[in-house]
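# Analysis of the macromolecular model
Residue-level listing of the chains:
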Amino acid sequence: METFIKRKKTRPVFLGNVQIGGNAPVAVQSMTCTDTRDIRSTVRQIKQLEDAGCEIVRVAVPDDEAAAALSDIKKQITIPLIADIHFNYRLAIEAIRSGVDGIRINPGNISKEKMLKIAESAKSRGTVIRIGINAGSLEKDLLKKYGGPTAAAMVESALRSLAFLKKAGCGAIKLSVKSSDVTTMVEAYRELSSKSDYPLHLGVTEAGSIVNAAIKSSIGMGILLNEGIGDTIRVSVTGDPVSEIRVAYGILRAMDIRKVGPDIISCPTCGRCEIDLFKLTREVEAKLTGMKEHLKIALMGCVVNGPGEAAEADIGIAGGRGYGLLFKKGKIIRKIKEQEFMATLLDEIYSMIAERKET
Ligand code: SF4
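In this report, we go over the structure that sits alongside the text. (Residues numbered from 1 in each chain as written. Predicted model: local features only at pLDDT ≥ 70, side-chain atom pairs only at ≥ 80, totals over all residues. Heavy atoms only, no water.)

Turning to the overall build of the chain, a few remarks are in order. Each helix and strand counted, the chain has 12 helices and 15 strands in total. Taking 2.2 N^0.38 as the reference for a compact globule, 359 residues should give roughly 21 Å; the C-alpha atoms of the chain span a radius of gyration of 23 Å, in line with that estimate. Dimensions along the principal axes, computed over C-alpha positions, put the chain at roughly 70 × 40 × 35 Å. Looking at the chain as a whole, 54% of its 359 residues are labelled buried. (Helix = DSSP H or I, 4+ residues; strand = E, 2+ residues; numbered from the N terminus. Rg over C-alpha atoms; globule rule 2.2 N^0.38 Å. Buried < 20%, exposed > 50% of the residue type's maximum accessible area, 1.4 Å probe, protein only.)

For soluble globular proteins, the rule of thumb is that nonpolar side chains tend to be buried together. Val61, Leu81, Ile103, Ile118 and Leu202 are the most contacted members of the largest nonpolar core, which totals 80 residues. Ignoring any residue separated from it by four or fewer positions in sequence, one finds Ile118 in contact with Tyr89, Ala92, Ile93, Ile96, Ile103, Ile105, Ile110 and Ile129. Of all hydrophobic cores here, the second largest spans 28 residues; its members include Ile275, Met291, Ala313 and Ile349. (Core = buried A, V, L, I, M, F, W, Y, C linked by side-chain atoms within 4.5 Å. Contact = heavy atoms within 4.5 Å.)

Attention now goes to the environment of Gly126. Within the secondary structure, Gly126 sits in the loop between α4 (112–125) and β7 (128–134). C-alpha of Gly126 to C-alpha of Gly171: the two residues are 45 residues apart in sequence and 8.9 Å apart in space.

A few words on helix α8 (residues 210–226). When the terminal C-alpha atoms of α8 are compared, their 22 Å separation across 17 residues agrees well with the 24 Å that a helix rising 1.5 Å per residue should span. If you check which residues of α8 are buried, you get Ala213, Ser217, Gly220, Met221, Gly222, Leu224 and Leu225. Looking at the buried residues of α8, the elements they touch are α7 (182–195), β9 (201–202), β10 (232–234) and α9 (242–254). Phi turns positive one or two residues past the end of α8, at Gly228, with a value near 85 degrees. (Expected span 1.5 Å × (residues − 1).)

This part takes up the sheet that holds strand β15 (residues 331–337). Within the open sheet, the 5 strands sit side by side as β11-β12-β13-β14-β15. Their pairing is mixed. Of all the strands in the sheet, the pair left with one neighbour each is β11 (262–266) and β15. On average, adjacent strands in this sheet sit at an angle of 20 degrees to one another, irrespective of strand direction. Sheet topology places strand β13 (residues 315–319) next to strand β14 (residues 323–328); 4 bridges connect them, and they run antiparallel. Across the sheet, the residue bridging to Ile317 is Leu326, located in β14. Where helix α10 (residues 277–288) meets the sheet, its contacts fall on β11 and β12 (295–300), and the angle it forms with β12 comes to roughly 160 degrees. Packed on one face of the sheet, helix α12 (residues 341–358) meets β12, β13, β14 and β15 and runs near 10 degrees to β14. (Pairing = 2+ DSSP bridges. Axes fitted to C-alpha atoms, helices over the stretch in contact; angles between N-to-C directions.)

With that settled, the discussion passes to a nonpolar patch on the surface. There is a patch of nonpolar side chains on the surface, built from Ile210, Val211, Ile215, Ile219 and Ile223 and spanning about 420 Å² of accessible area. Tracing the sequence through the fold places Val211 in helix α8. Residue Val211 is classed as exposed on the basis of its relative accessible area, which comes to 58%. (Patch = residues over 30% accessible without salt bridge, like charges linked within 9 Å, V, L, I, M, F, W, Y side chains within 5 Å. Areas by Shrake-Rupley, 256 points an atom, 1.4 Å probe, with all protein chains shown as cover. Salt bridge = Lys/Arg side-chain N within 4 Å of Asp/Glu carboxyl O.)

In this structure the tally under the stated criterion is 0 aromatic pairs. Over the ring of Phe164 we find Lys112, and its NZ or CZ is 5.7 Å from the ring centre. Across from the ring centre of Tyr323, 4.4 Å away, lies the NZ or CZ of Lys335, which sits over that ring. (Phe/Tyr/Trp six-rings, centres within 6.5 Å; stacked < 30°, edge-to-face > 60°. Lys NZ or Arg CZ within 6 Å of the ring centre and 35° of its normal.)

A separate point is the packing of α4 against helix α6 (residues 151–167). Contact pair α4 / α6: the axes reach a minimum separation of 10 Å and the direction vectors enclose 50 degrees. If you check the angle between α4 and α6, you find them oblique. Between α4 and α6 the crossing geometry is right-handed. Contacts from Lys112, Met115, Leu116 and Ala119 in α4 reach Ser161, Phe164 and Leu165 in α6. Counted by class, the contact of α4 with α6 contains 5 nonpolar, 1 polar and 1 charged residues. (Parallel < 35°, antiparallel > 145°, perpendicular 65-115°, else oblique. Left-handed = near helix turned anticlockwise from the far one by under 90°. Nonpolar A, V, L, I, M, F, W, Y, C, P; charged D, E, K, R; others polar.)

Now for the pattern of salt bridges. Where charged atoms from two side chains of opposite charge approach closely, those side chains can pair. Within the structure shown, the criterion is met by 24 salt bridges. As a salt-bridge pair, Arg90 and Asp64 come within 3.6 Å of each other at their nearest N and O atoms. A residue pair is termed long-range when its members are at least 10 positions apart, and Arg90 in helix α3 (residues 89–97) and Asp64 in helix α2 (residues 64–76) qualify at 26 residues. Arg234 is the salt-bridge partner of Glu244, the closest N and O atoms lying 3.0 Å from each other. With Glu244 in helix α9 and Arg234 in strand β10, the pair connects residues that are 10 residues apart, well separated along the chain. Residue class for Glu244 comes out buried when judged on its relative accessible area of 2%. Salt bridges here are not isolated pairs; linked through shared partners, they connect Asp35, Arg37 and Asp63.

It is worth spelling out the pairing of strand β8 (residues 173–178) at this point. Across the 6 residues of β8, 6 count as buried, placing the element largely inside the fold. Side chains Ile173, Leu175 and Val177 of β8 all project onto a buried face; the interleaved residues Lys174, Ser176 and Lys178 project onto the opposite face, where all are buried too. Direction of pairing for β7 relative to β8: parallel, over a ladder of 6 bridges. Bridge pairing in β8 places Ile133 opposite Val177.

Set out below in structure tokens:
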């Protein structure tokens, strides 16, 4: 199935070798939850994120010590690094000097005078700036004008800062207008997209733990992506950031925007199921975390509906009593014992990937 979504064309910016906007694929990013001053833990978490498929990573820079850690962190990772700055313009300049690929600033807590200094520094190094508007920290005059953190207030804040940075000579800019309220976020991004062609970083902020975050992000980003809006996404989860990557790719795969990683189709089971499908699904998911190749893998509880319902899957197992049928594209290949499900499935998956690479 081909996607029928027509992406809105935006100006490309480059974070290291990752293009955002233009015709580039929607990039997946995340943010560490470690103390940035603890270089070892931060690098370890970034490596875990990289392994899971994260393409851009952001770290918080709350003080001088965190800013000083950036160059060491940058040297030890391969994906672009973004410094997240609030309040203190000196930290932004320090981060830019340390060689980060991008910075995220919040105009709600940095004055225009200081923003100008950041702009000059970013311009001289070619550092990308994200104007990261957050409903929770809008400029006071806009809150007064709009009576609260409305979508229109966020859009005006973003456009105002964009005009300011452009006047200061910066061109490598991304925008975001995040809210924890899904409808406000959707309205804000729609409006912003209609008024600007700068690339958009999508996100529902403070989305909660995994289930809530997945629901809110899927709805908010899903609506926007379906309208062709959005160049990079960050799912925000209270918990292990690796789960953010899994949800983000899940959204992009479900919408047929990016064919990356395993798409596991599994039935909910019912009274006909005679294998431990929950365990099998958990194990397959765990084993294939971070796999880049796109493959549809069906794990079905029974042979009654299994192969037929998952006919579009590249490979699958439909359970019987202590055994299962291995099938490919709806065609049964052979019968296997339940104890051999995992090993057989993995063997088949890896050889299918190897075959693809050869052709
Ligand atoms: S595939 Fe079989 S076990 Fe799974 S829900 Fe359908 S009928 Fe039930």
